[in-house]
Amino acid sequence: MRRPLSRRRLLTVAAGTAALAALPVRPASAAREEELAYANFAVSSELLLADLYAKALAAKVVIGPGQAALRAGRRAAIQHAGALSGLLTGAGQDAPAAEDFDFQWPAKAFHTPDATAATARVVLRALLGAYQTAVVTVSEPSYGIVYTSLAASAGQQLGALSALGASGVVEPFPVALDLESASDTLEPYLG
Amino acid sequence: MRGRLLAIAGLVAVVASAWLTSGATARPSATPPLTIYAAASLTEVFKALDGAQHFSFAGSNALETQIRNGAPVDVFASAAPLNTQRLFKAGIVDKPVTFTANRLALIVPKSNPAGIRSIYDLRSKPVKLVVAAPAVPAGGYTLSVLRKMGLSSVLSKVVSRESDVKAVTGKVALGQADAGFVYVTDARPVSDQVSVIRIPAWAQPRVRYEIAVVTKSPNKTAAQAWVRMILSAKGQTALKHAGFLPLPKASS
């Protein structure tokens, strides 16, 4: 029941595969189902994040360094989705694709730089929280390194939101979220 | 003269009555009704769309087997591409087309005796779970959801594996089970008896319905017209009203 790769999906997978190759991750065939659940959620959420950055860029309300941050964030999200898709397909699972979703955003989500930053913060906080929990849930050390790397990237992106003109928010201890809580946070956006 | 007028009036009445009782309800082309095999989840919407055909609703896997064994069928509508594609590869049906999509949901009886509020509750609470058999599309999709969410362990709580998704709906609606996995469209007709618990979008399987004309159908022209009707605005609107999803982006 696997679908042929669309050009968009092919590019995503290719970018992710390249990114994955740079990480010390082992084939996912031996991964536990609970570990792969995080990857399933994360692929979908990274695709959501890529859509958020694309919509924010299309809205053209963020200019200057903020725009560069949006572009960099989009590239990272696409690479993350591809890498996580690689983990899933390596374990014999179908990976979610952007075509599977009808992403929903609040009406004024991208009307101002502040609104854009606020929307991005919600998505990134949920992702970061899930990655933090994933790090301590997975039994395979190489997976732990992948999730640590993804958490660090989410943290960097949260920091970069200050370039959108939003006031910086520095949390000394970002809250780790279980899969159910992170999922509940993002469900309204995933459609 | 008056007698003649009465006789003519009587004749007109008889002819009109005969026309009203037969001609007016007959199909304009006078072709025989089509025999349509369709996934159980399409029961309400297909009957509402066109009550003039002969329908047989069941699990798509069972229908596939019957068609493979030579059942006289004109159109086959499956809840999973696997069933139609296998028949297409065997030369039994013409090229299938995707015509709608669906989502899976967890349903619980309105009284919710097991107190299930989330799919994750299946892990921690003692529940009697009912699912469709693995070969039935809804059963395969259920396994996919549980695997994606890391919840396959809850399969140990399954008390019954049904031959089609309507049987799952029925058991939960009657309170014979605490929870069951069905399509969201199955929950609608029994919304006064069951509550729906959403499955997260990221864990949803790709539920795609395909329809195909059976190659040896003796009513091929009518069968093709019926498939076109399902794909038309009329068919798609009816499916949407029943809760089905629009044609998927990749296949529309």
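About the cut-offs
- Residues numbered from 1 in each chain as written.
- Chains lettered and ligands numbered in written order.
- Predicted model: local features only at pLDDT ≥ 70, side-chain atom pairs only at ≥ 80, totals over all residues.
- Contact = placed C-beta atoms within 7 Å.
- Helix = DSSP H or I, 4+ residues; strand = E, 2+ residues; numbered from the N terminus.
- Nonpolar A, V, L, I, M, F, W, Y, C, P; charged D, E, K, R; others polar.
- Domains from an automatic or database assignment.
- Pairing = 2+ DSSP bridges.
- Axes fitted to C-alpha atoms, helices over the stretch in contact; angles between N-to-C directions.
- Buried ≥ 20, exposed ≤ 12 C-beta atoms within 10 Å, placed from the backbone.
- Expected span 1.5 Å × (residues − 1).

(A) Spatial organisation of the interface of chain A and chain B. Listed per partner, the contact involves 20 residues of chain A and 16 residues of chain B. Those elements that provide at least two residues to the side of chain A that touches chain B are helix H2 (33-59) and helix H6 (179-190) of chain A. The element contributing the most residues to the side of chain A that touches chain B is H2 of chain A, with seven residues. Residues of the side of chain A that touches chain B, tallied by class, amount to seven nonpolar, six polar and seven charged.

(B) Up close: the environment of alanine 38 of chain B. All names here are of chain B. Structurally, the position occupied by alanine 38 is in strand E1 (residues 35-39). For the pair formed by alanine 38 and phenylalanine 55, sequence separation is 17 residues and the distance between their alpha carbons is 7.2 Å. With near-sequence residues (within four places) excluded, alanine 38 lies in contact with Phe46, Phe55, Phe57 and Ala77.

(C) Broad picture of the domain arrangement of chain B. Residues and elements named next belong to chain B. Entries for chain B in the domain assignment read domain 1 (35-101 + 208-241) and domain 2 (104-203). One C-alpha centre belongs to domain 1, the other to domain 2, and the line joining them spans 26 Å. At the junction of the two partners, domain 1 supplies 12 residues and domain 2 supplies 13 residues. Contributions of two or more residues to the side of domain 1 that touches domain 2 are made by helix H2 (43-49) and helix H3 (60-68). Residue composition of the side of domain 1 that touches domain 2, by class: six nonpolar, five polar and one charged.

(D) Layout of the sheet that holds strand E2 (residues 54-58) of chain B. All names here are of chain B. The five strands lie next to each other as E2-E1-E3-E10-E4, forming an open sheet whose pairing is mixed. Only two strands of the sheet have a single neighbouring strand rather than two, namely E2 and strand E4 (97-102). Within this sheet the neighbouring strands show an average axis-to-axis angle of 15°, counted without direction. Running over the sheet, helix H9 (residues 220-231) touches strand E3 (75-78), E4 and strand E10 (207-213) and is turned about 155° from E10.

(E) Representation of the pairing of strand E8 (residues 179-183) of chain B in the model. Residues and elements named next belong to chain B. With five of its five residues buried, E8 lies for the most part within the structure. Bridge analysis of strand E6 (residues 129-132) against E8 gives two bridges, and the strand direction is parallel. Among the inter-strand pairings, leucine 129 is bridged to a residue of E8, identified as alanine 179.

(F) Structural view of helix H6 (residues 137-148) of chain B. All names here are of chain B. End to end, H6 covers 16 Å across 12 residues, agreeing with the expected 16 Å (1.5 Å per residue, within 8%). Counting buried positions over the 12 residues of H6 gives 10, a clear majority of the element. Burial in H6 covers these residues: Pro137, Ala138, Gly139, Gly140, Tyr141, Thr142, Val145, Leu146, Arg147 and Lys148. Glycine 150 lies just past H6 and shows a positive phi near 70°.

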